[in-house]
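For reference, the chains in residue letters:
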Amino acid sequence: MKSLSATLAITGACFLASAIVLAITQAPLGSPLFFACALTAGVSYAVILRRVWNRPCESRRQLGAALLLAVAFRAPLVLPRVGADSDMVRYLWDGRLQTHGYSPYMMVPADPVLAAVHTDETRRMPSLRTPTPYPPGAQLFFRMVVSIHDSTRAMKVALVACDLMTILVLWRWLVFTGRSEWLTLAYAWNPLVLLEVAHSGHMDVVGALWITASAYWLARRRTALASVAFVLAVATKLLPIVLVPLYWRRVRLRDALAGTALLVLLYLRFTDGGTLPFGAVPNVVAHIRFNGPMFRMFARLGSPQTAALVAVALGMLAATWARWRLDASNPAAWAWPMALALACAPVVYPWYLLYLTPFLFTTATLPLAAWTFTVVPVYVVWHIARHGGRWAVPASVMIAEYGLPAAISARNLFRRRPIVPPLPNRQNPVELNPGEPRRTL
């Protein structure tokens with residue numbers, strides 16, 4: 001017990017120190033100091049997670065201290081001023097545009113008609129001539145935040161609130177399924193989560209909250225809530241759409257229809273002249289490439305649109321396999337379909353992995369946990385670009401990024417033993433289909 005307390009104190013102090021340094025210095029993304037802080041946080045995370053991975057939660061006081069530290073890690077990162085090149089400025093603009101009665105899908109920020117809507121901050125954002133890429137669910141979140149307070153600080157606080165709620169939902173899910181509550185730290189202390197939410201303020205955390213809530217409610221057989229949360233996750237970012245097979249015969253028909261109706265209404269709200277509000281998504285598929293070697297390969301064999309369909313199909317095939325072979329409470333069933341679709345996407349920014357991070361607490365998802373580490377060096381592109389280099393991920397970085405998770409996956413496959421650790425006897429895993437045998441990979 002004392003040994004764990006000491007480990008918690010040392011790793012917590014190191015992690016907090018790295019967050020404070022990052023906040024005070026405002027080290028640019030991809031700079032040597034940025035990577036030094038990320039490495040310190042990553043080592044601290046690996047040490048504490050190894051310490052508690054198979055440990056039952058014997059002391060709520062220690063767990064509470066660990067979770068309070070997780071909040072403390074985030075606090076200093078919320079405080080620095082947000083730069084005009086932050087995505088949060090675009091979130092703010094889209095929300096403000098809606099409060100003025102305009103659709104963010106029909107107008108671009110550079111439109112002269114919107115000059116009076118701008119502030120000095122939004123006039124300098126990089127995406128002035130680009131349609132919004134964010135789906136309707138994200139747009140409603142932006143409007144809600146702007147309606148409360150029109151500032152990038154408010155936007156970041158709202159995103160961190162979603163991050164903290166994800167910790168809460170994950171903790172409740174672990175308790176309900178009889179797993180160790182210590183595994184909450186797999187998300188709460190994940191350095192990528194801290195970098196992409198409290199530090200950089202990316203809205204993907206909103207979708208991560210919704211899909212985690214959907215998994216939790218599905219485990220509890222609250223199928224109406226699970227359906228609504230899933231729709232909101234998809235309406236925030238399209239990635240979770242590949243998880244549709246997981247809900248087959250696990251939700252009541254009326255709940256599935258209600259969820260479908262909600263999705264239609266969300267899109268109809270922004271539809272104008274019969275045009276669906278896909279924003280910049282078609283342009284991304286057709287023209288934008290970043291850190292997506294699999295997509296490039298598939299696009300060469302066919303077309304960009306075909307490559308996008310392949311990515312979605314692979315994710316749905318994985319979800320279909322998981323529906324019949326894994327329990328609904330198995331995090332691998334949720335993480336792997338999204339990971340496969342994302343790995344084959346045309347653009348793979350580090351923050352896109354936020355959708356995976358709540359599910360990385362079993363051996364089956366260790367390769368994806370490794371990916372949250374190996375994706376961080378991609379930020380070297382920002383450093384290269386600031387010095388006049390190409391906006392492209394170096395081949396060596398990409399090989400390391402995808403190679404290590406692939407190697408861990410191969411190791412898991414060849415070990416030929418169950419990769420889902422047994423749950424404590426006090427509670428069996430949730431079986432949503434009575435009579436269906438529990439299986440592991």
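Since the structure is predicted, the reported quantities are computational estimates derived from the model, not experimental observations.

How should I be thinking about the overall build of the protein chain in this particular structure?
When helices and strands are tallied, the protein chain shows 19 helices and 0 strands. If one aligns the C-alpha atoms of the protein chain with their principal axes, the spans along those axes are about 65 × 50 × 45 Å. Here the protein chain holds 441 residues, and 55% of them are scored as buried. Side-chain charges of the protein chain comprise 41 positive and 18 negative groups, with the mean position of each set lying 9 Å from the other.

Mind showing me how you'd approach the packing of helix α6 (residues 136-148) against helix α7 (residues 152-176) here?
Describing two packed helices takes the angle between their axes plus the distance from one axis to the other. Between α6 and α7, whose axes approach to 9 Å, the crossing angle comes to 120°. Here α6 lies oblique to α7, going by the angle between them. Judged by the twist between their axes, the crossing of α6 over α7 is right-handed. Residues F141, F142, V145 and V146 of α6 lie in contact with α7, whose contacting residues are A154, M155, A158, L159 and C162. Residue composition of the contact of α6 with α7, by class: 9 nonpolar, no polar and no charged.

For this particular structure, what's the right way to read the side chain of T7?
Turning to its location among the elements, T7 is positioned in helix α1 (residues 2-25). Judged by its relative accessible area of 16%, T7 is buried. Look past the residues within four positions of T7 in its chain and what remains in contact with it is G12, V47, I48 and R51.

Whenever I open this one, the nonpolar core confuses me. Can you help?
Side chains of nonpolar character tend, in soluble globular proteins, to be buried together. Core analysis: the largest hydrophobic core is formed by 126 residues, its most contacted members being M155, L159, W189, W334 and W371. Aside from chain neighbours lying at most four places away, what touches L159 is M88, Y91, F141, V197, G201, H202, M203, V205 and V206. V285, F295, F298 and C344 belong to the second-largest nonpolar core, a separate cluster that totals 7 residues.

How should I be thinking about helix α10 (residues 204-219) in this particular structure?
Side chains three or four residues apart in an α-helix point the same way, a direct result of the helix having 3.6 residues per turn. With 16 residues, α10 should reach 22 Å at 1.5 Å per residue; the first-to-last C-alpha distance of 23 Å fits that figure. With 14 of its 16 residues buried, α10 lies for the most part within the structure. Of the residues one or two after α10, R221 is the one with positive phi, at around 65°.

I keep staring at the environment of V21 and nothing clicks. Help me out?
Relative to the helices and strands, V21 resides in helix α1. Between the C-alpha atom of V21 and that of W391, which follows or precedes it by 370 residues, the distance is 27 Å. Excluding anything up to four places from it in sequence, V21 contacts Q26, L33 and C37.

The rules we used
Residues numbered from 1 in each chain as written. Predicted model: local features only at pLDDT ≥ 70, side-chain atom pairs only at ≥ 80, totals over all residues. Heavy atoms only, no water. Helix = DSSP H or I, 4+ residues; strand = E, 2+ residues; numbered from the N terminus. Buried < 20%, exposed > 50% of the residue type's maximum accessible area, 1.4 Å probe, protein only. Lys, Arg positive; Asp, Glu negative; His and termini not counted. Charge placed at Lys NZ, Arg CZ, Asp CG, Glu CD. Axes fitted to C-alpha atoms, helices over the stretch in contact; angles between N-to-C directions. Parallel < 35°, antiparallel > 145°, perpendicular 65-115°, else oblique. Left-handed = near helix turned anticlockwise from the far one by under 90°. Contact = heavy atoms within 4.5 Å. Nonpolar A, V, L, I, M, F, W, Y, C, P; charged D, E, K, R; others polar. Core = buried A, V, L, I, M, F, W, Y, C linked by side-chain atoms within 4.5 Å. Expected span 1.5 Å × (residues − 1).

Geometric descriptors of this kind do not, in isolation, establish any biological role.
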